[in-house]
Amino acid sequence: MEKFLKINVASSGGPTQLVALHDLKLVEQTSTTVVKLSYNGGRVTTITWPNGEAFPALQTSVQNAVKAALATGWTEVAYPYLAKKDGYVDTIATA
Amino acid sequence: MYIKMEKFLEIDVAREVDSGQATSDGTGSGNGPNKLNDSGQNFVATVAVGDWVYVYGVNGTPQASPHLYQVATVDSNTELTLTPKGATAGLGTGVVNQGDYYIYSNTVTQSQMVGVSDVITARENTPDAANVKLNLLYNRDNPQLSIQFVYANNGANDNSADMMNGYNEAVENLYHSTWPNVTGKWEDKITNAGVVSKAYKILSIKKV
């Protein structure tokens with residue numbers, strides 16, 4: 001069953017991007033503006049915030065959203081994540 | 001139809017309070033024994049007695065046998081007196097010049113989630129004398145992800161086997177819980193004889 005976080009990018013009313021939760025293994029806040037999601041296959045998705053939050057605020061916020069999303073019923077595929085502090089993130093990139 | 005259900009262990013992880021590289025020898029042959037010296041630090045503001053010092057490398061080269069200490073005294077902004085911890089075989093005598101270290105709080109933690117589906121082994125991939133590391137290796141077909149736990153360890157008997165037993169038990173319990181329970185707590189170590197006790201402290205969880 002696929003699940004995603006749905007996140008506003010660039011502005012609070014801006015475009016949305018889906019971030020997959022399938023095979024997610026670890027959420028790490030690596031700086032005041034960056035959270036990295038590590039997946040089973042070794043891929044890492046980096047979410048960058050426009051303004052900083054002290055550790056571990058962003059990590060906790062994303063983890064709580066992951067828990068909430070995975071606890072929703074199967075018809076709720078994309079769980080809206082209101083990014084902590086600004087309501088949106090700057091960029092979402094996978095490497 | 002088989003659908004894999006994502007499950008996560010929730011673990012209280014110590015807060016990293018400082019990190020750096022020693023700027024002079026804190027062993028018996030230098031300022032020591034059992035000192036950490038770093039001229040660029042402000043230890044009085046960041047470090048408390050009881051915090052954990054994990055020395056993982058020397059000048060950027062990771063050590064196969066890292067050392068673990070607990071802070072006995074905050075001597076000054078640039079010097080700590082340490083008590084060696086961990087298995088007897090891995091006990092250090094102080095932080096050598098250019099020793100790379102992290103310092104973790106003994107009192108402040110935050111919760112971290114670690115996925116447990118797709119884990120194929122939970123073990124110490126490269127045994128270290130101090131017995132402070134446990135690695136999770138993921139993906140049976142093409143292992144690309146490894147997550148490493150570093151944990152506090154008070155003596156020879158608090159070894160990686162106990163942590164592996166504790167991890168395995170926590171995973172079993174986690175999978176006994178049904179959806180929508182997504183997470184479960186891991187905080188215990190277990191001896192081979194089945195004696196359960198609270199693990200000292202998980203110092204860090206990182207992708208390696």
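Residues numbered from 1 in each chain as written. Chains lettered and ligands numbered in written order. Predicted model: local features only at pLDDT ≥ 70, side-chain atom pairs only at ≥ 80, totals over all residues.

**As for the nonpolar core**
Working step 1: Among the nonpolar cores identified, the biggest contains 72 residues, and B:Val53, B:Tyr54 and B:Tyr151 are the most heavily contacted of them.
Working step 2: Per-element accounting of this core gives the leading share, six residues, to helix α1 (residues 57-70) of chain A.
Working step 3: A domain split of this core shows at least three residues from each of domain 1 (8-13 + 110-207) and domain 2 (15-108) of chain B.
Working step 4: Here B:Tyr54 is in contact with B:Pro66, B:Leu68, B:Tyr101, B:Tyr102, B:Tyr104, B:Val150 and B:Leu203, once residues within four sequence places are set aside. (Core = buried A, V, L, I, M, F, W, Y, C linked by C-beta atoms within 7 Å. Buried ≥ 20, exposed ≤ 12 C-beta atoms within 10 Å, placed from the backbone. Helix = DSSP H or I, 4+ residues; strand = E, 2+ residues; numbered from the N terminus. Domains from an automatic or database assignment. Contact = placed C-beta atoms within 7 Å.)

**What to know about the sheet that holds strand β6 (residues 78-81) of chain A**
Residue and element names in this part refer to chain A.
Working step 1: Taken in spatial order, the three strands line up as β2-β1-β6 in an open sheet, and their pairing is mixed. The open sheet has two edge strands, β2 (16-20) and β6, and neither has a second partner. Each adjacent strand pair in this sheet contributes to an overall mean axis angle of 35°, direction not counted.
Working step 2: The sheet contact formed by strand β1 (residues 4-8) and β2 spans five bridges and is antiparallel. Bridge pairing in β2 places isoleucine 7 opposite glutamine 17.
Working step 3: Together, β1 and β6 form the strand contacts of α1, whose direction differs from that of β6 by roughly 150°. (Pairing = 2+ DSSP bridges. Axes fitted to C-alpha atoms, helices over the stretch in contact; angles between N-to-C directions.)

**Examining the interface of chain A and chain B**
The figure often quoted for interface size is the accessible area lost as the parts come together.
Working step 1: Across the contact, 19 residues belong to chain A and 18 residues belong to chain B.
Working step 2: Within the residue set of the side of chain A that touches chain B, elements represented by two or more residues are β3 (24-29) and α1 of chain A.
Working step 3: Here the side of chain A that touches chain B is composed, by residue class, of nine nonpolar, six polar and four charged. (Nonpolar A, V, L, I, M, F, W, Y, C, P; charged D, E, K, R; others polar.)

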